Amino acid sequence: MLMGHLGRFTKTPYLVLFIILGGIGVGSATALITITFEGLAIFKENVQTDKDLNVDGTITGQTIEDLEAQINAIKNILFPKDIVVANFFDDDISVLLGNGDGTFTAQTDVSVGNTPISVAIGSLNNDGDQDVVVANAGANDISVLLGNGDGTFARTDVAVGNTPRSVAIGDLNNDGDQDVVVVNQNDNDISVLLGNGDGTFAAQPDVAVGNAPFSVAVGDLNNDGDQDVVVTNFFDDDISVLLGNGDGTFAAQPDVAVGNGPTSVAIGNLNNDGDQDVVVVNNGDDDISVLLGNGDGTFARTDVAVGNGPISVAIGSLNNDGDQDVVVANFNDADISVLLGNGDGTFVRTDVAVGNTPRSVAIGDLNNDGDQDVVVVNQNDNDISVLLGKGDGTFIVQPDVAVGINPRSVAIGEISFPL
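This structure is a prediction, so every number in the text was calculated from the model and none was measured. (Residues numbered from 1 in each chain as written. Predicted model: local features only at pLDDT ≥ 70, side-chain atom pairs only at ≥ 80, totals over all residues. Heavy atoms only, no water.)

A closer look at the overall build of the chain
Here is step 1: If you tally the helices and strands in the chain, you get 1 helix and 37 strands.
Here is step 2: Pairs at least 24 residues apart make up 43% of the contacts formed inside the chain by residues separated by at least 6 positions.
Here is step 3: Taken as a whole, the chain presents about 15,800 Å² of accessible surface, with 48% of it coming from carbon and sulfur. (Helix = DSSP H or I, 4+ residues; strand = E, 2+ residues; numbered from the N terminus. Contact = heavy atoms within 4.5 Å. Areas by Shrake-Rupley, 256 points an atom, 1.4 Å probe, with all protein chains shown as cover.)

Here's the deal with the pairing of strand β28 (residues 310-316)
Here is step 1: Counted residue by residue, β28 has 7 buried out of 7 residues, so it is predominantly covered.
Here is step 2: Pairing of β28 with strand β29 (residues 325-330) involves 6 bridges; the strand directions are antiparallel. Following the sheet pairing, V313 is matched in β29 by V328. (Buried < 20%, exposed > 50% of the residue type's maximum accessible area, 1.4 Å probe, protein only. Pairing = 2+ DSSP bridges.)

Side note on the packing of aromatic side chains
What characterises a pair of aromatic rings is the spacing of the ring centres plus the angle enclosed by the ring planes.
Here is step 1: This model, assessed by the stated rule, comprises 3 aromatic pairs.
Here is step 2: On the basis of an interplanar angle of 20 degrees and a centroid distance of 4.8 Å, the ring pair of F214 and F234 is categorised as stacked. Taken as a pair, F214 in strand β19 (residues 213-219) and F234 in the loop between β20 (228-233) and β21 (238-244) lie far apart in primary sequence, 20 residues in all.
Here is step 3: By relative accessible area, F234 is classed as partly exposed at 22%.
Here is step 4: Following the ring pairs from residue to residue traces out a cluster consisting of F214, F234 and F235.
Here is step 5: The ring centre of F88 lies 3.9 Å from the NZ or CZ of R408, which sits over that ring. (Phe/Tyr/Trp six-rings, centres within 6.5 Å; stacked < 30°, edge-to-face > 60°. Lys NZ or Arg CZ within 6 Å of the ring centre and 35° of its normal.)

Remarks on the sheet that holds strand β27 (residues 299-305)
Here is step 1: If you walk across this open sheet you meet the 4 strands as β24-β25-β26-β27, and the pairing is antiparallel. The sheet is open, and its two edges are formed by β24 (262-268) and β27, each paired on a single side. If you compare each strand with its neighbour and ignore which way they point, the axes differ by 20 degrees on average.
Here is step 2: As paired strands, β24 and strand β25 (residues 277-282) are joined by 6 bridges and run antiparallel to one another. Note on β25: the bridge partner recorded for S264 is V281. (Axes fitted to C-alpha atoms, helices over the stretch in contact; angles between N-to-C directions.)

So, the side chain of R165
Here is step 1: Among the secondary structure elements, R165 is positioned in strand β14 (residues 164-170).
Here is step 2: Each residue touching R165, except ones within four places of it in the same chain, is listed here: I117, S118, V183, Q185, P213, F214 and R359.

Looking at unusual backbone geometry
Here is step 1: The backbone of A212 sits at a positive phi, close to 60 degrees, despite the residue not being glycine.
Here is step 2: Here A212 lies in the loop between β18 (207-208) and β19.
Here is step 3: The class of A212 is buried, set by a relative accessible area of 4%.
Here is step 4: Unusually for a residue other than glycine, N368 sits at a positive phi of about 60 degrees.
Here is step 5: Within the fold, N368 resides in the loop between β32 (358-364) and β33 (373-378).

What to know about the environment of S94
Here is step 1: Tracing the chain through its elements places S94 in strand β8 (residues 92-96).
Here is step 2: Accessibility expressed as a relative area gives 0% for S94, which makes it buried.
Here is step 3: In contact with S94, not counting residues within four places along its chain, are I83, V84, V85, N87, Q107, T108, D109, V403 and G404.
Here is step 4: Polar side-chain contacts of S94 include one of 3.5 Å to the backbone nitrogen of G404. (Polar contact = N/O pair within 3.5 Å; in protein donor to acceptor, adjacent residues only side chain to side chain.)

Quick notes on the side chain of E414
Here is step 1: Note on placement: E414 falls in the segment after β37 (407-413).
Here is step 2: Within polar-contact distance, the side chain of E414 engages the side chain of K81 at 3.0 Å.

Points about the sheet that holds strand β30 (residues 335-341)
Here is step 1: If you trace the 4 strands from one edge of the open sheet to the other, you get β28-β29-β30-β31, paired in antiparallel fashion. The open sheet is flanked by β28 and β31 (347-353), the only strands paired with a single partner. On average, adjacent strands in this sheet sit at an angle of 20 degrees to one another, irrespective of strand direction.

Examining the pattern of salt bridges
Here is step 1: Counted by the stated rule, this structure contains 4 salt bridges.
Here is step 2: A salt bridge links R155 to D157; the nearest nitrogen and oxygen atoms lie 2.7 Å apart.
Here is step 3: Overall, D157 belongs to the partly exposed group, its relative accessible area being 35%.
Here is step 4: Between D303 and R301 there is a salt bridge whose closest N-O contact spans 2.7 Å. (Salt bridge = Lys/Arg side-chain N within 4 Å of Asp/Glu carboxyl O.)

Given below as structure tokens:
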């Protein structure tokens, strides 16, 4: 039985739980658990018990694993997942605050720049509240929306290159502050914006990539602890791999061939070897390129068939087997391909119907049951499909949720703090 007091320190991004564990037998224990907002990792510290702590790791009838499970349940109730959608023709984003059960409050639209096309969520000013970055294709800038913790924002626009198409967030110079990478489609380069930790940025020289870059992802591809960048080049049928030097600069590698018309990219560990892998959507081939990482920034490629007109990809664990799975939005089929990973870089595919012209896909736990769910943007239906995962790779389809006109991109995060 968990008893205790919940409180938030307003000057630090931590929720601290003081938990008194009632016991079976004569012993008891007090544990201080700190849950970070970034990553929601759990740290056990200052565990103090009397002599009745059992040698097998149990504390008055509870294991540390039991305690973590209960903390996770509380965390999910306190931090329901929210959704942000970029509406291309409305010049705004739809903010859908989660109720913690897979439903959402009525959308609130927030103005951004001209023709928003890509959205990402992260913490840009270190205040414990999640922020939003939107690429505005028609304005040659990004809108930086600093979150107030209640689903509202303070907006600043930051100039980037010509026709920004995709945006990603990560720490590129190892200073603990989140940075932003933007793909500039008509400039054939990326803008690197190093965060100052207060929601402002130091723009770096643009970095050349291939022809008509479409999508960007950030991850550590060569196991050096520095974040790297992968960009899909639509007209070159390849990806640019930029290995980070840890200071916001990059060492360009030879471009890696993929399929025809690569439109989207995601990074994850697909074969459980500890090295990050890359998945690329090939719009013209109706397949994905699975690039298994060698741990040094090079890859071994296998192509896997999906639906017609694939356009977006996300990676997550959908059936709780410890292996990473892949979801692809098939624009011309009105469905998604769910590829359940076998843990060796191969997959078992099932297609699931969604709305008309699915454009973007994201994965997260929307109803706090510990199973990953899927959100799909349906461009011509002006709504999103919410698929609540059963934990076995199948889904309970919820009623579609209306958003703005011509939605193009979706992201899942925790932009409203309910306490």
